[in-house]
Structures are given as C-alpha cells and as structure tokens.
Amino acid sequence: MEDCLAKKMEITVSEAEKRTGRNAMNMQETYTAYLIETRAVETQSEGQCAPVDSLWRRYSEFELLRNYLSVTYPHIVVPPLPEKRADFVWHKLSADNMDPDFVERRRIGLENFLLRVASHPVLCQDKIFYSFLTQEAGWKEMVNETGFQLKADSRLKALNATFRVKNPDNDELQSVISHLLRVRARVADRLYGVYKVHGNYGRVFSEWSAIEKEMGDGLQSAGHHMDVYAASIDDILEEEEHYADQLKEYLFYAEALRAVCRKHELMQYDLEMAAQDLTTKKQQCEELATGTVRTFSLKGMTSKLFGQETPEQREAKVKVLEEQIQEGEEQLKSKNLEGRDFVKSAWADIERFKEQKNHDLKEALISYAVMQISMCKKGIQVWTNAKDCFSKM
C-alpha cells in the first residue's frame, strides 16, 4: 500500500460542467463533463506546492476505463462507478441525471471511484489508468489499442456457464442493501410529510396570533420556530442522500463481486469441456488401436455397413489422435494452473474487499445513526422552544 498511486498523487474531481456537443451519430446531445485535477505529492517541499494538472472527462469515459479494468483484471473486485441515474430516492428528490444536486453527488462518487482505484495495490499500477488521469488527447485510442474487448469472453459462453451453475450465489449483500435503501426511501417520504405538517402548525399559529392580543406574541414566536423546522427538511434529506450513496456503492460492488465469480465459473466450464474432449479422444484412440467400439456411434455403424478401415488408415488416424491427446493434456494442465492462480489471486482480493467493506459500512451506518440522532434533537429543541413561547403567554 505504500507504493500505491494514492500516496504519490492527490486526485480530485473538482468540478462538473454541462456541455452540448454531437455524438457518434452526429446528433446534438447534452452531457456533463467532469474536471479531474491531479498534483504530485512527492515533489512538494516546505512552502512549495507542485503544479496542478487538469483535464475533462465524460461519464462514458469513466465507464470505458472501468470496463477495461474489469476485463484486464478479472480476478479483482473492481470498484464500481456511481449510478448514471438516481435510484432508491424519496419522491420529492429529482431523479433527473442533469439535476444539479444529483450531478454534485455523482461528482463525489466519481472522485471516490478514482481514489478507490488509485489505492488498490494492483489497479493503481496500470498504465492506462495513469494515462486516464494525465493524458486527455488520444486516451480512448490508447485503450482500444490494448485489445481488451477481444479478451472479453463471448456472451454465449458466459450464458452456457451460467446455465450450468447448480447453486448460484444468493446475492445476499445486494439483497440486504437494496432492501435497506428501499426502507430508507419510505422513511424519508414519511419524514418529509412530518416536517411539512410542522409548516401547517406554523401557519395556524401565525393566523391565530392575529386574533389574540395577550397570546399573540407567544403564538407568533412558536409559529416561527415551526416554519424554520419545516423548511429545514429539504437540506436534511439532501444530506442524507450522501449517506445513501455510500450504501449504493456497495450495492454496485455486489455486481463486481459476482462478475469475479462468473469468471471463475466460466474458467471451470472451459476446464471441464477440455477434460471431456480429452477423454473422448483417448477413447477414440483406444478403439482404433484395438478395433473395438465400446459405445454406439455413427462411425461404428458406417464401418459395419461399408467395411473396416485398412491398417494403414487406422495407424494414420491413431497418430493424429495421439498428437491431439498430447496437445490436449498440455492444454488441460495449463488450464488447471491458470484456474489455481485465478482462485489464489481472486481470494486474496476478495479478502481485501471484505475488510474494506466491513470498515466502510460500519462508518456509514454510524454516521447515518448520528445524523438521525441530531435530527431528533432538533425536533426536541423546536418543541422545547415552542413550550417556552406558550409558557410566556
């Protein structure tokens, strides 16, 4: 961890800017660009700061970077990107991906993604990632030249492997966090209603104060406290969304974790298919060498109908099969080694991820609890102030 990029470079996504341009179909589109600023730490000395380098990136470029990392490092739980459009939100909050509040939260999420990658012991050393931070022009071409898309497994093979999984994981992390976020959104809706009801209290007390002489000042003051309390809910729930975003990150981490598992399932599938193919070739070789057929086959039926092959023909086929068997055994050995290396590396990264997850979720839940306690204290204070106003009437 001492050699990770995060220790050598300050990385921030400092600004978001709405822009208009043309896409690949030459159609006009509106998008958001994010300003990435980096500063070398090691060149800083007392009283001096290293110059700041900056460049702009679109969200789609962040997506391209993450896809590259996922394909290039299949054994790593690659940090997720923040959501492209808001989900699990209380109904008063805009889900528009151009909404300033949402863009600001996504800016924070993109910065967190870069810091996660820069802190990872393996990902931080990737040259493409470093170029993403420092080289604006020609970066996309550099990524495509790596050929990472050709390394990706075909969707058909992945689908076949998925069908063969008898005991798929239960996605417990994703299920629990999804449920937690849905509950939080419902609670936020109800809380919004409770706060706005206090606005009705404020209106009633203010109107009542206009017709009461002796009680007027106390009612007016109490109404003011209620109005202030009611108006504070928008800022409170917006702040709460930042805590929800921390939970959402691990909702998306669950998919990254599942991608590592799918890759292992696919490797296991390829290994089994290679072993099965090798067994079939060995059986064919034995049948040709002995002249006996153990199982029914179209080839065996053809031999009975049209006569057996000559010894020379059988010998030639046996030689070809022996070469294929030798090649198959080497491939099987290679796949076994590859599988063991993958499991070893993936397990190490999953253990690192689990430690990170436990720490982060603990901190997020504690912060959320502290915020709820603070909100309740403010409610108590409002009614305490109202009580004092009533007492002075």
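Below or above, wherever it landed, is the structure these notes cover. The shown structure was predicted, so the numbers you read here are calculated from the model rather than taken from an experiment.

## Considering the overall build of the protein chain
Logical step 1: Regarding its fold elements, the protein chain presents 12 helices and 3 strands.
Logical step 2: A buried classification covers 36% of the 393 residues belonging to the protein chain.
Logical step 3: Per element, the accessible surface of the protein chain, about 24,000 Å² overall, is 53% carbon and sulfur.

## Some thoughts on the pattern of salt bridges
Logical step 1: Summed over all chains, the structure comprises 23 salt bridges.
Logical step 2: Between Asp360 and Arg116 there is a salt bridge; the shortest N-O distance is 2.7 Å. Here Asp360 is found in helix H12 (residues 311-391), whereas its partner Arg116 is found in helix H3 (residues 100-119), with 244 residues between them in sequence. An identical accessibility class is assigned to Asp360 and Arg116; each is buried.
Logical step 3: Sharing partners across several salt bridges, the network here consists of Glu83, Arg105, Arg184, Glu238, Glu240, Glu241, Asp245 and Lys248.

## Structural notes on the state of the cysteines
Logical step 1: Within this structure, the stated rule accounts for 0 disulfides.
Logical step 2: As a non-bridged cysteine, Cys124 has Cys4 as the owner of its nearest cysteine sulfur, 5.6 Å distant.
Logical step 3: The exposure class assigned to Cys124 is buried, which follows from its relative accessible area of 7%.

## Quick look at the packing of aromatic side chains
Logical step 1: The final tally for this structure, using the stated rule, is 11 aromatic pairs.
Logical step 2: Judged by centre distance (5.1 Å) and plane angle (75 degrees), the rings of Phe62 and Phe132 are edge-to-face. Pair noted here: Phe62 is in helix H2 (residues 59-72) and Phe132 is in helix H4 (residues 127-134), with a separation of 70 residues, a long-range link. Of the two residues, Phe62 and Phe132, both sit in the buried class.
Logical step 3: A centroid spacing of 4.3 Å and a plane angle of 20 degrees characterise the contact between Tyr195 and Tyr229, whose relative ring orientation is stacked. With Tyr195 in helix H8 (residues 172-209) and Tyr229 in helix H9 (residues 216-231), this residue pair connects regions lying 34 residues apart in the sequence.

## Focus on the nonpolar core
Where a protein is soluble and globular, its nonpolar side chains tend to be buried together.
Logical step 1: With 33 residues, the main nonpolar core has Leu65, Leu114 and Leu133 as its most contacted residues.
Logical step 2: Mapped by element, the contributors of at least two residues to this core are strand E1 (9-22), strand E2 (28-40), H2, H3, H4 and helix H5 (139-145).
Logical step 3: Setting aside residues no more than four positions away along its own chain, Leu65 makes contact with Phe113, Leu114, Ile128, Phe129, Phe132 and Trp139.
Logical step 4: Tyr195, Ala222, Ile236 and Val382 belong to the second-largest nonpolar core, a separate cluster that totals 18 residues.

## So, the packing of H2 against H3
Logical step 1: Across the interface, H2 lies against H3 with an axial gap of 12 Å and an inter-helix angle of 30 degrees. Relative to H3, the element H2 is oriented roughly parallel. Between H2 and H3 lies a crossing whose hand is left-handed. Here H2 contributes Tyr59, Phe62, Leu65, Arg66 and Leu69 to the contact with H3, which in turn contributes Arg106, Leu110, Phe113, Leu114 and Val117.
Logical step 2: Each residue belonging to the contact of H2 with H3 can be placed in one class, and the counts come to 8 nonpolar, no polar and 2 charged.

## Quick look at H9
Residue pairs spaced three or four apart in an α-helix point in one direction, given the helix's 3.6 residues per turn.
Logical step 1: Here H9 is 16 residues long and its end C-alpha atoms lie 22 Å apart, about the 22 Å a rise of 1.5 Å per residue gives.
Logical step 2: Those residues of H9 not exposed but buried are Gly216, Gly218, Leu219, Ala222, Gly223, Met226, Tyr229 and Ala230. On an axial view of H9, the arc spanned by its buried residues comes to 160 degrees, and they lie on one face.
Logical step 3: Its buried side turned inward, H9 meets H8, helix H10 (233-290) and H12.

## Brief notes about the pairing of E2
Logical step 1: As judged from the 13 bridges shared by E1 and E2, these two strands associate in the antiparallel manner. Bridging from a neighbouring strand, Glu17 pairs with Ala33 of E2.
Logical step 2: Pairing analysis gives 6 bridges linking E2 to strand E3 (residues 53-58), with the strands arranged antiparallel. From the neighbouring strand, Leu35 faces E3, where its bridge partner is Trp56.

## Some points on the environment of Trp347
Logical step 1: Structurally, the position occupied by Trp347 is in helix H12.
Logical step 2: C-alpha separation for the pair Trp347 and His75, spaced 272 residues apart in sequence, amounts to 8.3 Å.

## A few points about the sheet that holds E1
Logical step 1: Read across the open sheet, the 3 strands follow the order E1-E2-E3; overall the sheet is antiparallel. Of all strands in the sheet, those bounded by a partner on one side alone are E1 and E3. Each neighbouring strand pair of the sheet contributes to a mean axis angle of 25 degrees, computed without reference to strand direction.
Logical step 2: On the sheet, H2 packs against E2 and E3 and is oriented at approximately 90 degrees with respect to E3.

Rules of the game
Residues numbered from 1 in each chain as written. Predicted model: local features only at pLDDT ≥ 70, side-chain atom pairs only at ≥ 80, totals over all residues. Heavy atoms only, no water. Helix = DSSP H or I, 4+ residues; strand = E, 2+ residues; numbered from the N terminus. Buried < 20%, exposed > 50% of the residue type's maximum accessible area, 1.4 Å probe, protein only. Areas by Shrake-Rupley, 256 points an atom, 1.4 Å probe, with all protein chains shown as cover. Salt bridge = Lys/Arg side-chain N within 4 Å of Asp/Glu carboxyl O. Disulfide = S-S within 2.5 Å. Phe/Tyr/Trp six-rings, centres within 6.5 Å; stacked < 30°, edge-to-face > 60°. Core = buried A, V, L, I, M, F, W, Y, C linked by side-chain atoms within 4.5 Å. Contact = heavy atoms within 4.5 Å. Axes fitted to C-alpha atoms, helices over the stretch in contact; angles between N-to-C directions. Parallel < 35°, antiparallel > 145°, perpendicular 65-115°, else oblique. Left-handed = near helix turned anticlockwise from the far one by under 90°. Nonpolar A, V, L, I, M, F, W, Y, C, P; charged D, E, K, R; others polar. Expected span 1.5 Å × (residues − 1). Arc of directions from axis to C-beta. Pairing = 2+ DSSP bridges.

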